[in-house]
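Reading the structure
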Amino acid sequence: MKWLIGILINAVLFMAIAGYFSESFVLEGFAAAISASFLLSIINIIVRPILIILTLPVTVLTLGFFLFVINAITLEITDYLMGDSFEIAGFGMALLAAVIMSIVTLVLNKTILKSSKEK
């Protein structure tokens, strides 16, 4: 259930980022956002651990900030696999989207999901 909520949250975040950065982050609609979010979750399950292990020395040297670059790489892979329905203009936009998504997800996890665990 938590996985589906995460997919919906990422889809809404994709829509918000696409609305705010309309020139450099293009999304065809909510169905494309759901598809991209689902595909991103699969990539995060399969590819992200491999990238983290391969870049562990750099991640340690940057005190974990390199994880934003790894998140941007997974967004770029999602962009490549989705085709024309999900387009990110460049790596800088992917990095900015990764930072925004990480911050919003962190805030949502600390506020909404934590309060539901206390019940």
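Heads up: the structure comes first, above all this text.
Read on for an overview of the structure. All values reported here derive from a predicted model rather than from experimental measurement. (Residues numbered from 1 in each chain as written. Predicted model: local features only at pLDDT ≥ 70, side-chain atom pairs only at ≥ 80, totals over all residues. Heavy atoms only, no water.)

Describing the overall build of the protein
Each helix and strand in the protein was counted, giving five helices and two strands. With the C-alpha coordinates of the protein rotated into their principal frame, the extents come out at 40 × 35 × 25 Å. A fraction of 60% describes how many contacts in the protein between residues 6 or more apart in sequence connect residues 24 or more apart. Element-wise, carbon and sulfur atoms account for 74% of the exposed surface of the protein, whose accessible area totals about 7300 Å². Charged side chains of the protein number 6 positive and 7 negative; the gap between the two group centres comes to 26 Å. (Helix = DSSP H or I, 4+ residues; strand = E, 2+ residues; numbered from the N terminus. Contact = heavy atoms within 4.5 Å. Areas by Shrake-Rupley, 256 points an atom, 1.4 Å probe, with all protein chains shown as cover. Lys, Arg positive; Asp, Glu negative; His and termini not counted. Charge placed at Lys NZ, Arg CZ, Asp CG, Glu CD.)

Overview of the side chain of serine 37
Tracing the sequence through the fold places serine 37 in helix α2 (residues 30-54). Among the polar contacts made by the side chain of serine 37, one reaches the main-chain carbonyl oxygen of isoleucine 7 at a distance of 2.7 Å. Those residues in contact with serine 37, other than ones at most four positions away along the chain, are Gly6, Ile7, Asn10, Ala11 and Phe14. (Polar contact = N/O pair within 3.5 Å; in protein donor to acceptor, adjacent residues only side chain to side chain.)

Points about α2
Compared with the 36 Å implied by 1.5 Å per residue over 25 residues, the 34 Å span of α2 between its first and last C-alpha is a close match. Along α2, the helix axis deviates most sharply at valine 47, where the bend reaches about 45 degrees; the proline proline 49 sits within four residues downstream. When α2 is considered as a whole, its buried residues turn out to be Ala32, Ala33, Ala36, Ser37, Leu40, Ser41, Ile43 and Leu51. (Expected span 1.5 Å × (residues − 1). Bend = angle between axes of the 7 residues up to and from the residue. Buried < 20%, exposed > 50% of the residue type's maximum accessible area, 1.4 Å probe, protein only.)

Brief notes about the packing of helix α1 (residues 2-20) against α2
Axis angle and axis distance: for two packed helices, these are the angle between their axes and the distance between the axes, and together they describe the pair. Orientation of α1 relative to α2, taken along the N-to-C sense of each, is 125 degrees, at an axis distance of 8 Å. Taken together, the axes of α1 and α2 are oblique relative to one another. In the packing of α1 onto α2, the handedness of the crossing is right-handed. Residues Trp3, Gly6, Ile7, Leu8, Asn10, Ala11, Val12, Phe14 and Met15 of α1 form the contact with α2, whose participating residues are Phe30, Ala33, Ile34, Ala36, Ser37, Phe38, Leu40, Ser41 and Ile45. Considering only residue class, the contact of α1 with α2 consists of 14 nonpolar, four polar and no charged. (Axes fitted to C-alpha atoms, helices over the stretch in contact; angles between N-to-C directions. Parallel < 35°, antiparallel > 145°, perpendicular 65-115°, else oblique. Left-handed = near helix turned anticlockwise from the far one by under 90°. Nonpolar A, V, L, I, M, F, W, Y, C, P; charged D, E, K, R; others polar.)

Quick look at the packing of α2 against helix α4 (residues 66-82)
With their axes 9 Å apart at the nearest point, α2 and α4 run at an angle of 130 degrees to one another. As judged from the angle between their axes, α2 and α4 are oblique. For the crossing formed where α2 meets α4, the hand is right-handed. Across from Ala32, Ser35, Ala36, Leu39, Leu40, Ile43, Asn44, Val47, Arg48, Leu51 and Ile52 in α2, the residues of α4 making contact are Leu67, Ile70, Asn71, Ile73, Thr74, Leu75, Ile77, Thr78, Leu81 and Met82. In terms of residue class, the contact of α2 with α4 is built from 15 nonpolar, five polar and one charged.

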